[in-house]
Amino acid sequence: MKLLVVEDEQALAQGLKFNFEQEGYTVLTAEDGPTALNYFRDCYETDQDNIDLVVLDLMLPGMSGYEIAKEIRRIDEVIPILVLSARELSEDKAYAFDCGTDQYMTKPFALPELLSRVKNLLKRKSLVQSTPAPVKTLPPLYHFGNVTVDFEAFEIEVDGERKSLTNLELRLLKYFIEHEGMVLTRSQILEDVWGEQSAFVTTRTIDNFVLRLRKLVESNPAEPVHIVSVRGAGYRFMPEEASE
């Protein structure tokens, strides 16, 4: 598990880093908002090295913790954010929760309580990610947009033109359809579609397969409306084009 500690008081930041590392976590520290957000975005671009939890001070140079929380929530809707701040007013806490934080602790704090809260937030995040998604029962022929998928023939028909799919292309497309509307991470896709072969496959392979599927099923692969990217998370299948 990787934690991002955003704290401008160096002694406190290093103390948190030391204690979190003693618990087995990998820890990044940032003294200001831009640095924290750059770390956060860089980790999501690699996908295999995502940050699992953010410990966030509110009073930071140049950019407040409130602004950081809002920006993180634009990138990731579910990552736990724990505020660690000297602000004690109820309105400060309420605004922090409005910005998308999950828990709020005031300084000075008890280290065992902080470690316990972090552990529980990470456990809850793991449980959410491991909850099995409901799977649709699909007919032999499935229609979406201007596409008809023939699962038995390993073919799709787009505007009257039939195209063949490889076994993996069909499995990936079927997986998307079965989990319609759900955000699917690359790690989920690797495990569920590639199975035992996932140890020999990188997340870039998934991206390449998605590009291939988009060329087959999207009217404009550069602006997909059915297999859409979710920034910092993965992909989502939408059978119908979303209306603006």
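Since the structure is predicted, the reported quantities are computational estimates derived from the model, not experimental observations.

Analysis parameters
Residues numbered from 1 in each chain as written. Predicted model: local features only at pLDDT ≥ 70, side-chain atom pairs only at ≥ 80, totals over all residues. Heavy atoms only, no water. Helix = DSSP H or I, 4+ residues; strand = E, 2+ residues; numbered from the N terminus. Contact = heavy atoms within 4.5 Å. Buried < 20%, exposed > 50% of the residue type's maximum accessible area, 1.4 Å probe, protein only. Polar contact = N/O pair within 3.5 Å; in protein donor to acceptor, adjacent residues only side chain to side chain. UniProt positions renumbered as here; feature names shortened; annotations may be inferred. Phe/Tyr/Trp six-rings, centres within 6.5 Å; stacked < 30°, edge-to-face > 60°. Lys NZ or Arg CZ within 6 Å of the ring centre and 35° of its normal. Core = buried A, V, L, I, M, F, W, Y, C linked by side-chain atoms within 4.5 Å. Pairing = 2+ DSSP bridges. Axes fitted to C-alpha atoms, helices over the stretch in contact; angles between N-to-C directions. Parallel < 35°, antiparallel > 145°, perpendicular 65-115°, else oblique. Left-handed = near helix turned anticlockwise from the far one by under 90°. Nonpolar A, V, L, I, M, F, W, Y, C, P; charged D, E, K, R; others polar.

J.: Looking at this structure, I do not really get the environment of Leu 168. What am I missing?
T.: Structurally, Leu 168 can be placed in helix 6 (residues 167-178). Along the sequence, Leu 168 and Trp 194 sit 26 residues apart, while their C-alpha atoms lie 8.1 Å from each other. When near neighbours in sequence (up to four residues on either side) are disregarded, Leu 168 contacts Val 193, Trp 194 and Phe 209.

J.: Even after reading the chapter, I still don't get the side chain of Ser 85, so can you show me in this structure?
T.: Among the secondary structure elements, Ser 85 is positioned in strand 4 (residues 81-85). When its relative accessible area of 0% is taken as the criterion, Ser 85 is described as buried. A polar atom in the side chain of Ser 85 sits 3.0 Å from the backbone nitrogen of Arg 87. Those residues in contact with Ser 85 that lie beyond four places of it in its chain are Asp 57, Leu 58, Tyr 104, Met 105, Thr 106 and Lys 107.

J.: Which parts of the structure should I look at to understand the UniProt feature "modified residue: 4-aspartylphosphate" (unreviewed entry) in the protein chain?
T.: Taken from the UniProt record, the annotation "modified residue: 4-aspartylphosphate" (unreviewed entry) applies to Asp 57. Within the secondary structure layout, Asp 57 lies in the loop between strand 3 (53-56) and helix 3 (65-75). Setting aside chain neighbours within four positions, we find Asp 57 in contact with Val 6, Glu 7, Asp 8, Gly 65, Leu 84, Ser 85 and Lys 107.

J.: Looking at this model, I keep getting lost on the packing of aromatic side chains. Mind explaining?
T.: Given two aromatic rings, their pairing is described by the distance between the two centres and the angle made by the two planes. Taken as a whole and assessed by the stated rule, the structure comprises seven aromatic pairs. With centroids separated by 5.3 Å and ring planes inclined at 85°, the aromatic side chains of Trp 194 and Phe 209 adopt a geometry described as edge-to-face. Here Phe 209 lies in helix 8 (residues 203-217) and Trp 194 lies in helix 7 (residues 186-194), a separation of 15 residues in the sequence. Here Trp 194 and Phe 209 have matching classes, each one buried. These aromatic residues form a ring-pair network of at least three members: Tyr 142, Phe 144 and Phe 237. Over the face of the ring belonging to Phe 151 we find Lys 174, whose NZ or CZ atom lies 5.9 Å from the ring centre. The lysine or arginine in question, Arg 212, covers the ring of Phe 209, its NZ or CZ lying 4.2 Å from the ring centre.

J.: Even after reading the chapter, I still don't get the nonpolar core, so can you show me in this structure?
T.: As a rule of thumb, soluble globular proteins bury nonpolar side chains together. Within the largest apolar cluster, 30 residues are counted, with the highest numbers of intra-cluster contacts made by Val 149, Ile 156, Phe 176, Ile 177 and Ile 189. For this core, the element with the most residues is helix 6, which contributes seven residues. The next biggest cluster of nonpolar side chains, apart from the first, holds 24 residues, and it includes Leu 58, Ile 75, Ile 81 and Tyr 104.

J.: Sorry if this is basic, but what is going on with the sheet that holds strand 12 (residues 234-237) here?
T.: The strands making up a sheet are joined through hydrogen bonds of the backbone, oriented either antiparallel or parallel. An order of 10-12-11 is seen for the three strands of this open sheet, with the pairing classed as antiparallel. Edge positions in the open sheet fall to strand 10 (183-185) and strand 11 (227-230), since each of these has one partner strand only. If you compare each strand with its neighbour and ignore which way they point, the axes differ by 35° on average. With four bridges connecting them, strand 11 and strand 12 associate as antiparallel partners. In the strand pairing of strand 12, Ser 229 is matched with Tyr 235. Seen against the sheet, helix 8 touches strand 11 and strand 12 and runs at an angle of roughly 145° to strand 11.

J.: Help me understand helix 3, please; the structure alone is not making it clear to me.
T.: What sets the pattern is the α-helix's 3.6 residues per turn: residues three or four places apart point alike. Counting buried residues along helix 3, eight of its eleven residues qualify, which places the element largely inside the surrounding structure. The set of residues buried in helix 3 consists of Gly 65, Tyr 66, Ile 68, Ala 69, Glu 71, Ile 72, Arg 73 and Ile 75.

J.: Would you mind going over the packing of helix 6 against helix 7 with me for this structure?
T.: Helix-helix packing is characterised by the crossing angle of the two axes and by the distance between the axes. At a minimum axis separation of 10 Å, helix 6 and helix 7 run at an interaxial angle of 120°. Taken together, the axis directions place helix 6 and helix 7 in an arrangement best described as oblique. Two packed elements cross with a definite hand, and for helix 6 against helix 7 that hand is right-handed. Residues Leu 168, Arg 171, Leu 172, Tyr 175 and Phe 176 of helix 6 form the contact with helix 7, whose own contacting residues are Gln 188, Ile 189, Asp 192, Val 193 and Trp 194. Looking at the contact of helix 6 with helix 7 residue by residue, the class counts come to seven nonpolar, one polar and two charged.

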